Amino acid sequence: LYDITALFTAASVALTGLSVSFFRTSIAWEKNFANVIRTSQVTGGAVDALREDFLQLQTVIPVSAQDLARIGTLGGQMGVAAANLTDFTATVAQFSATAGTSVDESATALSRLDELLPDVESNYERLASAILKTGVNAVATESQIVRGVSQIAAITQTAGLATPEIIALASAMS
C-alpha cells in the first residue's frame, strides 16, 4: 500500500510540474505574440490568421517560438506590411540560421535592404538567397555583404544597377 501511495504521489507531482511548464510556455508565447500584434497593427480576423501562420512556422523552421515572435515584432517596428509579415519572419529565421547571424541582425538587415534596394519589393526570400549564394561563393561573409550593400545602395541605384549586381559589387568590395 505504501508503494502505491508513493507512486501516485510521484506521478501527481510530475503531472503538476508538466502542466505548470505548459502554462508558462503558453503565457510566454501569448505575451510575445501580443508584441507582434502591437507593432504590426493587425486587427480582427487577420490576428487569428497571423497566429496560425506563426504556429505553423514553429513546426517547419528550427527556431524557437520566442525568436519567431521577436522577428515578427521587429518586422512590425520596421514597417513590414502585415500581409508580408509571415514571409518576412520565415525568411529571416532561415537566413539567420544559415548565415550565422542573430535574428535581430537579420531582421534589421533584410527590412533595411528592402527599403534601400530598388527591385526587392518585399521579396525577402529572393534577397536573402542572393546574399547567401554570394556569401558562399565569395570571400566576404554574409554580414560583410549586407554592410557593403547598405553603404553603396544609393550610389549604385543612380548607376542603374539591379539588386543582384549591387550584392555582387558589395561582396567584391568587402
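Note that the structure is predicted; figures quoted are calculated from it, not measured.

## Regarding the overall build of the chain
- The helix and strand tally for the chain stands at eight helices and zero strands.
- Overall, the chain shows an N-to-C arrangement of helices and strands of α-α-α-α-α-α-α-α.
- When the accessible surface of the chain is totalled, it reaches about 9,900 Å², and 58% of it is carbon and sulfur.

## Quick look at the nonpolar core
- Among the nonpolar cores identified, the biggest contains 43 residues, and Phe88, Leu110, Leu117, Leu127, Ile131 and Val149 are the most heavily contacted of them.
- Contributions of two or more residues to this core are made by helix 1 (2–40), helix 2 (45–60), helix 3 (65–77), helix 4 (85–99), helix 5 (103–116), helix 6 (124–137), helix 7 (142–158) and helix 8 (163–173).
- If you tally residues by element for this core, the top one is helix 4, at seven residues.
- In contact with Val149, not counting residues within four places along its chain, are Leu113, Leu117, Ile166, Ile167 and Ala170.

## Details of the packing of aromatic side chains
- In this structure the tally under the stated criterion is two aromatic pairs.
- With a centroid separation of 5.7 Å and 70 degrees between ring planes, the pair formed by Phe33 and Phe54 is classed as edge-to-face. With a gap of 21 residues between them, Phe33 in helix 1 and Phe54 in helix 2 connect regions that are remote in the sequence. Considered together, Phe33 and Phe54 belong to a single accessibility category, that of buried residues.
- Here Phe88 and Tyr124 contribute two aromatic rings whose centre-to-centre distance is 5.0 Å and whose plane-to-plane angle is 75 degrees, an arrangement assigned as edge-to-face. In this pair, Phe88 is assigned in helix 4 and Tyr124 in helix 6, connecting sequence segments 36 residues apart. For the residue pair Phe88 and Tyr124, the accessibility class agrees, reading buried in each case.

## Notes on the packing of helix 5 against helix 6
- Between helix 5 and helix 6, the shortest axis-to-axis distance is 10 Å and the interhelical angle comes to 105 degrees. The pairing of helix 5 with helix 6 is recorded here as roughly perpendicular in orientation. Between helix 5 and helix 6, the residues in contact are Leu110, Leu113 and Asp114 and Tyr124, Leu127, Ala128 and Ile131, respectively.
- Here the contact of helix 5 with helix 6 is composed, by residue class, of six nonpolar, no polar and one charged.

## Some points on helix 2
- Taking 1.5 Å as the rise per residue, helix 2 with 16 residues should run 22 Å; its terminal C-alpha atoms sit 23 Å apart, in good agreement.
- Buried within helix 2 are the following residues: Val47, Leu50, Arg51, Phe54 and Leu57. The buried residues of helix 2 occupy an angular sector of 120 degrees when projected down its axis, which confines them to one face. Residues Gly45, Glu52, Thr59 and Val60 are exposed on helix 2 and point more than 90 degrees away from its buried face.

## Thoughts on the pattern of salt bridges
- All told, the structure shown has three salt bridges when counted by the stated rule.
- Put simply, Arg51 and Glu30 hold a salt bridge, and the shortest N to O gap is 3.2 Å. Here Arg51 is found in helix 2, whereas its partner Glu30 is found in helix 1, with 21 residues between them in sequence.
- One salt bridge in this structure joins Asp48 and Arg51, with 3.7 Å as the shortest N-O distance. A residue pair is termed a helical-turn pair when its members lie 3 or 4 positions apart in one helix, as Asp48 and Arg51 do in helix 2 at three residues.
- Overall, the relative accessible area of 48% leaves Asp48 in the partly exposed class.
- Look at the salt bridges and you will find they share partners, linking Glu30, Asp48 and Arg51 into a network.

Parameters at a glance
Within each chain, residue numbers correspond to sequence positions counted from 1 in written order. For this predicted model, a pLDDT threshold of at least 70 governs which residues receive local features, and a threshold of 80 or more governs which side-chain atom pairs are given and counted, while totals over whole chains, interfaces and linings are taken from all residues. As a rule here, side-chain values cover all heavy atoms of the structure and leave hydrogens and water aside. To qualify as a helix, a DSSP run of H or I must reach at least 4 residues; to qualify as a strand, a run of E must reach at least 2; elements of each kind are numbered from the N terminus. For the accessible areas, the method is Shrake-Rupley and the probe is 1.4 Å, while residue cover comes only from the protein chains on display. Here the nonpolar core consists of buried residues drawn from Ala, Val, Leu, Ile, Met, Phe, Trp, Tyr and Cys, with membership extended through side-chain atoms lying within 4.5 Å. Relative accessibility thresholds used throughout: buried, under 20% of the residue-type maximum; exposed, over 50%; partly exposed, between the two (1.4 Å probe, protein chains only). We call two residues contacting when some pair of their heavy atoms lies within 4.5 Å. Pairing of aromatic side chains requires ring centres within 6.5 Å, counting the rings of Phe and Tyr and the six-membered ring of Trp. Pairs whose planes differ by under 30 degrees are stacked, by over 60 edge-to-face, and all others tilted. Only the stretch in contact is used when a helix axis is fitted, and all axes are lines through C-alpha atoms; the angle between N-to-C directions ranges over 0 to 180 degrees. Working rule for angles: under 35 degrees goes down as roughly parallel, over 145 as roughly antiparallel, 65 to 115 as roughly perpendicular, anything else as oblique. Residues are sorted three ways: Asp, Glu, Lys and Arg are charged, Ala, Val, Leu, Ile, Met, Phe, Trp, Tyr, Cys and Pro are nonpolar, and all the rest, Gly among them, are polar. One less than the number of residues in a helix, times 1.5 Å, gives the span that helix is expected to have. For this quantity, the arc is that covered by the directions from the helix axis to the C-beta atoms. The working definition used for a salt bridge is a side-chain nitrogen of Lys or Arg within 4 Å of a carboxyl oxygen of Asp or Glu.

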